[in-house]
Amino acid sequence: MTAFFDLPVRRFAANGVEIAARIDGSGPPLLLLHGHPQTHAIWHRVWPELTRHRTCVAADLRGYGDSGKPAASADHAKHSKRVMAADMVALMRGLGHDRFEILAHDRGARVAHRLALDHPEAVARMMLLDIAPTLDMYEGTTRAFAQAYFHWFWLIQPAPVPETMIEHDPVFYLRSVMGGRPGGLAHFSNEAMAEYERAARQPGWATGICEDYRASATIDLAHDEAGRAAGERLRMPVRAMWGERGAVGRNFDVLALWRAVADDVTGGPLPGAHYLAEESPHAVLAEAGDFFGWR
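Residues numbered from 1 in each chain as written. Predicted model: local features only at pLDDT ≥ 70, side-chain atom pairs only at ≥ 80, totals over all residues. Heavy atoms only, no water.

**Quick word on the pairing of strand 6 (residues 123-129)**
- By the criterion of burial, strand 6 is predominantly enclosed, with 5 of the 7 residues buried.
- For the crossover that starts at strand 5 (residues 100-105), traverses helix 3 (residues 106-118) and ends in the parallel strand 6, the hand is right-handed.
- For strand 6 and strand 7 (residues 238-243), the ladder comprises 4 bridges, and the chain directions are parallel. When the bridges of strand 7 are listed, Leu128 appears paired with Ala240. (Buried < 20%, exposed > 50% of the residue type's maximum accessible area, 1.4 Å probe, protein only. Helix = DSSP H or I, 4+ residues; strand = E, 2+ residues; numbered from the N terminus. Right-handed = clockwise from strand over helix to strand, strands pointing away. Pairing = 2+ DSSP bridges.)

Rendered as structure tokens:
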């Protein structure tokens, strides 16, 4: 297998936007989705083992990394998780994968959740890292959670206030968010940090991340509320993991919340706080091997 950072970043037309991805490996297809404020480079430490067992497609979400960065829309629909999910279904189908597994972190895991609801036939199983369902996290917000996840409430403020502040020094913003969790920036390799910083400097990045969060606080919640009222549930196996030192596990009963919306949920805490694929790659791989079935 080719080393992660030696692989070319390929670009694909998908659902009206360009999606950037690295692809390697063999076996059943596995879609890998990153979180905020990073790129698909989060998977570089687990990539060698994953690609021994799966054909891995590590993609940048729209608005992030090297993927397309659509302009904002008044209703934030261009950055809804429904549209982001459709991007990934189109990407995978274009690669010949009508059905696949998913391993996703943070914002990418929210996209995966919506993808599995809107396109259940496409998802064999999925492993989600360090989130509870978005609707429950908003409805269960406490002072402690708001302090830990202040960016949830700052990024959704009307444009152009957060965009202007981020664009003044995007690398400072990125380092502040990533370094503000337990362990600081020591978890991240020089190569990965260089990728994240390069991506943060791209035009449209600040708009993309703000619109992602604005969508989550508006149109995504409307989709979630309508879906729950209609009785939609996740029917495929789900494994939910969270950082034992992170805010998600401290503030929410993660398994209980997922079991309320899904039929088959397993999971538990992992060493680390939030950026689990980089903080605790061996633990993530052990869980992935057990869940996806190569151990």
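Having put the structure on the table, let's press on.
**Here we look at the side chain of His79**
- Here His79 lies in the loop between strand 4 (55-59) and helix 2 (81-94).
- Once residues lying within four places of it in the same chain are set aside, the contact partners of His79 are Pro70, Ala71, Met84, Gly208, Glu211, Asp212 and Ala215. (Contact = heavy atoms within 4.5 Å.)

**Some thoughts on helix 7 (residues 161-168)**
- Every buried residue of helix 7 is listed here: Pro162, Glu163 and Ile166. One side of helix 7 holds all its buried residues, which, seen down the axis, span an arc of 100°. Pointing more than 90 degrees away from the buried face of helix 7 are the exposed residues Met165 and His168.
- Among the structural elements, helix 6 (150-154), helix 8 (170-179) and helix 10 (205-216) are those in contact with the buried residues of helix 7. (Arc of directions from axis to C-beta.)

**Observations concerning the pattern of salt bridges**
- All told, the structure shown has 24 salt bridges when counted by the stated rule.
- Across the pair Asp224 and Arg114 runs a salt bridge, and its minimum N-O distance is 2.8 Å. Pair noted here: Asp224 is in helix 11 (residues 219-229) and Arg114 is in helix 3, with a separation of 110 residues, a long-range link. Each member of the pair, Asp224 as well as Arg114, carries the same accessibility label: buried.
- Where Glu195 meets Arg198, a salt bridge forms, and the shortest distance between an N and an O atom there is 3.2 Å. With a gap of 3 residues between them, Glu195 and Arg198 both fall in helix 9 (residues 190-200), about one helical turn apart. (Salt bridge = Lys/Arg side-chain N within 4 Å of Asp/Glu carboxyl O.)

**Quick look at unusual backbone geometry**
- Cis geometry marks the peptide bond from His36 to Pro37, where omega comes out at -5°.
- Relative to the helices and strands, Pro37 resides in the loop between strand 3 (29-33) and helix 1 (47-53).
- Following Ala159, the chain continues into Pro160 via a peptide bond in cis, with omega recorded as 5°.
- Within the secondary structure, Pro160 sits in the loop between helix 6 and helix 7.

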